[in-house]
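# Working through the structure, step by step
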Amino acid sequence: MYGAPPVLQTKIFTRMPEQLYRTHEYSEWVEHRGAGDLHSFLEGPAFDRDGNLFCVDLAHSRVFKISPAGEWSVFADYDGEPNGLKIHKDGRIFVADHRHGLLSFDPDTAKMTVVLDRPHREGFKGLNDLTFASNGDLFFTDQGQSALEDPSGRIYRLRASGELDLLFKGLEGPNGLVLNREENILYVAVTRTNRIVSIPLKPDYKGISKAGIFIQLSGSPTGPDGMALDEDGNLVIVHAGFGTVWVFSRLGEPLYRIKSCAGMRTTNVAHGGPDRRTLFITEAEEAAILQAEMPVPGRLMYGLS
């Protein structure tokens, strides 16, 4: 076992204005969780080329656009359950929606398009998160209600050419995911077993080879959620319900613990700022975006390449 890593502190970049709260409005997602009234539940941060931060409100089915100055606006408001969000190189905003499948939004008009909702003539269990490869391939998790008692979560790859691959099935709550620097290993957070799995990708779309457990976490009433990668290949892992983001080396050694200065419901992360050395963290309990200065810049995302 490793000793406790150094702690990096956070500060609040911006909070959701209270006039955007929907505390007393009905939400099927909130009712299913039995969580009482929720003003929002922030997830899925990603930056566009102009430095705007997009994120979703899973509880009340909204997509927010936050300016570099921290000013909030509602980009899209629709009937769904948006969770993960990533931006395509062409500017389109892709959303993994638990109810509707894979969606895209026009960055100028916010027009919504269903990209994929019935793979192989059957519905998804409920999409959770997504990530792009540098060639435009899109990897996403199909979590649904999978857990230890129902290990039925799946991982898909939608090739840039339009072909869909089922890469993995039988997981207990697949959630956030990210590729390594060489893009030959896919890391996936498996929430209900509190671990990160590594899935080697064979070249030329020939499947996967010898997937295994890369990091076994402990603690947290929830488990790992969103992830990111930095330029050194270090893995950034949000530990939901623990008020923590961990940074592990490419060998799986703990390097830093980033502690929330607000609530405990840290959910997802994105590197931003002019040199990508600032880590932005969605915190759902207090509807806040946190930030932490990082020693290594984040990996350039597909949408900014």
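Below you will find a few notes about this structure. (Residues numbered from 1 in each chain as written. Predicted model: local features only at pLDDT ≥ 70, side-chain atom pairs only at ≥ 80, totals over all residues. Heavy atoms only, no water.)

### What to know about the packing of aromatic side chains
A complete count under the given rule lists 14 aromatic pairs for this structure. Relative to Phe 75, the ring of Phe 54 has its centre 5.3 Å away and its plane inclined at 90°; by these criteria the two rings are edge-to-face. With Phe 54 in strand β4 (residues 53-57) and Phe 75 in strand β6 (residues 72-77), this pair connects stretches of sequence that are 21 residues apart. Residue Phe 54 is classed as buried on the basis of its relative accessible area of 3%. Put simply, the rings of Phe 54, Phe 75, Tyr 78 and Phe 105 pair up and form one aromatic cluster. Directly above the aromatic system of Phe 41 lies the positively charged group of Arg 33, at a separation of 5.2 Å from the ring centroid. The ring of Tyr 205 carries Arg 159 above its face, with NZ or CZ at 4.1 Å from the centroid. (Phe/Tyr/Trp six-rings, centres within 6.5 Å; stacked < 30°, edge-to-face > 60°. Helix = DSSP H or I, 4+ residues; strand = E, 2+ residues; numbered from the N terminus. Buried < 20%, exposed > 50% of the residue type's maximum accessible area, 1.4 Å probe, protein only. Lys NZ or Arg CZ within 6 Å of the ring centre and 35° of its normal.)

### Some thoughts on the environment of Asp 165
Mapped onto the elements of the fold, Asp 165 is located in strand β14 (residues 164-171). Measuring from C-alpha to C-alpha, the distance between Asp 165 and Lys 206 comes to 10.0 Å, with 41 residues separating the pair along the chain. Setting aside residues up to four positions removed in sequence, Asp 165 forms contacts with Ile 155, Tyr 156, Arg 157, Arg 159 and Tyr 205. (Contact = heavy atoms within 4.5 Å.)

### A look at the sheet that holds strand β12 (residues 138-142)
Pairing is antiparallel in the open sheet, where 4 strands are placed in the order β11-β12-β13-β14. The open sheet has two edge strands, β11 (127-132) and β14, and neither has a second partner. Within the sheet, the average angular offset between the axes of one strand and its neighbour, ignoring direction, is 15°. Where β11 meets β12, 4 bridges bridge the pair, whose relative direction is antiparallel. Across the sheet, Phe 132 pairs through a bridge with Leu 138, a residue of β12. (Pairing = 2+ DSSP bridges. Axes fitted to C-alpha atoms, helices over the stretch in contact; angles between N-to-C directions.)

The values are spatial; any link to function lies outside them.
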